[in-house]
Amino acid sequence: MLISSVPIAAICTGVAVTLFYSASYYLFPALLNFWLDTLSISKNNLTFAFSLSLFVQAFAFPFYGRLIDRGYGLILILICPIMIGLSLLYLSYAAELYIVFLSGWISVNFFAAGCTYNMLFSIITMAEKKDTKRTIIIITLIAGFASTITFPIMTYFASTHGWKFAIMIIGISIIIIGTPMLYAGMKNYVIVKVPKKLQNNNKILLRIDSKLLLLSLPFFLIALNHQMLVSHIIPLLLEKGLEFKMAIIIASLFGPFQVVGRMIILFFGEKISDTNSLFYIFYMTVISLLFLYVTHISPTLAFIFILLEASAYGITSIILPLISKDVLGMSDFGQKFGYVSVFYAIGLSCGPWIGSLIWTNSNYDFVIIFIILSSIIGLLICYLLKYKYFKSLPKQ
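What you see is a predicted model; the values in this text were computed from it and never measured.

Engineer: How would you explain the overall build of the protein chain if you had to name every residue and give the values?
Structural biologist: Counting its secondary structure elements, the protein chain contains 16 helices and zero strands. In terms of its C-alpha atoms, the protein chain occupies a principal-axis envelope of roughly 55 × 45 × 40 Å. Expressed as a percentage of the 396 residues in the protein chain, the buried residues total 60%. Looking at the protein chain alone, contacts between residues at least 24 apart form 86% of all its contacts between residues at least 6 apart. Accessible surface for the protein chain amounts to roughly 15600 Å². Of this, 70% is attributable to carbon and sulfur atoms.

Engineer: Requested: an account of the pattern of salt bridges, with residues and values cited.
Structural biologist: This model, assessed by the stated rule, comprises one salt bridge. Between Lys240 and Asp365 there is a salt bridge; the shortest N-O distance is 2.6 Å. Taken as a pair, Lys240 in the loop between helix 9 (210-239) and helix 10 (244-251) and Asp365 in helix 16 (residues 364-388) lie far apart in primary sequence, 125 residues in all. What makes Lys240 buried here is its relative accessible area of 11%.

Engineer: I'd like a description of the confidence of the model for the protein chain, backed by residues and values.
Structural biologist: Of the residues in the protein chain, 91% reach a pLDDT of 70 or more, and the chain-wide mean stands at 86. Mean pLDDT in the protein chain bottoms out at helix 14 (residues 316-328), which sits at 83, and peaks at helix 8 (residues 163-186), which reaches 95. Segment residues 1-5: pLDDT under 50, and seven contacts once partners within four positions in sequence are set aside and those in other chains are kept.

Engineer: Give a detailed account of helix 15 (residues 333-361), specifying residues and quantitative values.
Structural biologist: An ideal rise of 1.5 Å per residue puts 42 Å on 29 residues; helix 15 measures up with 42 Å between its terminal C-alpha atoms. Along helix 15, the sharpest kink reaches roughly 35 degrees, centred on Gly351 and followed within four residues by the proline Pro352. Of all 29 residues in helix 15, 21 are buried; the element is thus mostly enclosed.

Engineer: I'd like a description of the packing of aromatic side chains, backed by residues and values.
Structural biologist: Under the criterion given, the structure shown has 20 aromatic pairs. Residues Phe63 and Tyr64 carry aromatic rings whose centres are separated by 5.4 Å and whose planes lie at 50 degrees to one another, so their mutual orientation is tilted. Relative accessible area serves as the criterion here: at 47%, Phe63 is assigned to the partly exposed category. Overall, Tyr64 belongs to the buried group, its relative accessible area being 2%. Among the aromatic side chains, those forming a connected cluster through ring pairs are Phe28, Trp35, Phe50, Phe101, Trp105 and Trp163. A cation over an aromatic ring shows up here: Lys240 above the ring of Tyr293, its NZ or CZ 4.9 Å from the ring centre.

Engineer: Run through the state of the cysteines, naming residues and quoting values.
Structural biologist: Applying the stated criterion across every chain, the model contains zero disulfides. In this structure Cys12 is not part of a disulfide, and its nearest cysteine sulfur, from Cys115, lies 15 Å away. A relative accessible area of 15% places Cys12 in the buried class.

Definitions and limits used
- Residues numbered from 1 in each chain as written.
- Predicted model: local features only at pLDDT ≥ 70, side-chain atom pairs only at ≥ 80, totals over all residues.
- Heavy atoms only, no water.
- Helix = DSSP H or I, 4+ residues; strand = E, 2+ residues; numbered from the N terminus.
- Buried < 20%, exposed > 50% of the residue type's maximum accessible area, 1.4 Å probe, protein only.
- Contact = heavy atoms within 4.5 Å.
- Areas by Shrake-Rupley, 256 points an atom, 1.4 Å probe, with all protein chains shown as cover.
- Salt bridge = Lys/Arg side-chain N within 4 Å of Asp/Glu carboxyl O.
- pLDDT = per-residue confidence, 0-100.
- Expected span 1.5 Å × (residues − 1).
- Bend = angle between axes of the 7 residues up to and from the residue.
- Phe/Tyr/Trp six-rings, centres within 6.5 Å; stacked < 30°, edge-to-face > 60°.
- Lys NZ or Arg CZ within 6 Å of the ring centre and 35° of its normal.
- Disulfide = S-S within 2.5 Å.

Written out as structure tokens, the structure is:
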């Protein structure tokens, strides 16, 4: 594919992925308050269902990664979006029943695993085109607006027509818009016949060695911290004394401010290495949480928090496949990256539930303190990773 055509493909993929992330990540926090008001299900049980669905998603990554290594990527990008849409329609039908709510979210996130950042970037990285990083950045720039679209639009539809109608709208949109857009964007990246040299492993399960484990842990903590914030940001800000409308505005800025971080990488990426960016994420998270902790003093501090935290998190999806390729190599990359993605997705899955458990036994101030401490631990792991593996990587 010509380099000049990359932006068009990346734009199509970005639009599709925006819809997928709206459904799999931001729809839940956008509608959480509506469910608390209308369903006879506790907050802990609601967040447990969402967390379990993300946990199931985590263990789908190696399975999908192995399919990609064997040349079945095209099937994934066709089937998974359709199944997400159908799962949402099922969820909208009878979510008052907890078994439907639970199974609906599990289905949404199981199929989302096959058509969101992790597996799509695995396909793009394996294609080994010259503009891999630029393509990934463009996709993430567009998809970064998922929260901006989801929070206000879903809140509006849920307020005026009910939360079931809101879920139906996004489910239908994924089927009729997301699926063809993803195919148009990814068809030239999918490798139908994967070279034998990249298929050295015939085992269904790979051995998780110290290198893979040490690489995965920082990304696990990044995901855990961010998803804890995203899932609880509205009630957290309400507890801090902000008005509901202000909390909605701030929550909708997660996406745009992630774009800020990606724009920095786009324009200054040659001066900032991928490994240094990993350290930057943890430093900015700690600083941002200090502002969030004192948000009760002034709502302006909440905007500073969201700018720092979201812009730092925004570059995670860019550096994750690139650092993984440098450290782990290209042999069986789909499956190896799938295992790294498992840790990342487990962090996402644990975030909402752990946040609820901490809140239930204390308040959201303790959630903030927990995230600060886990970020410091993440920094320490990064220094160990730098000492053992980053120093041997080529200069970027």
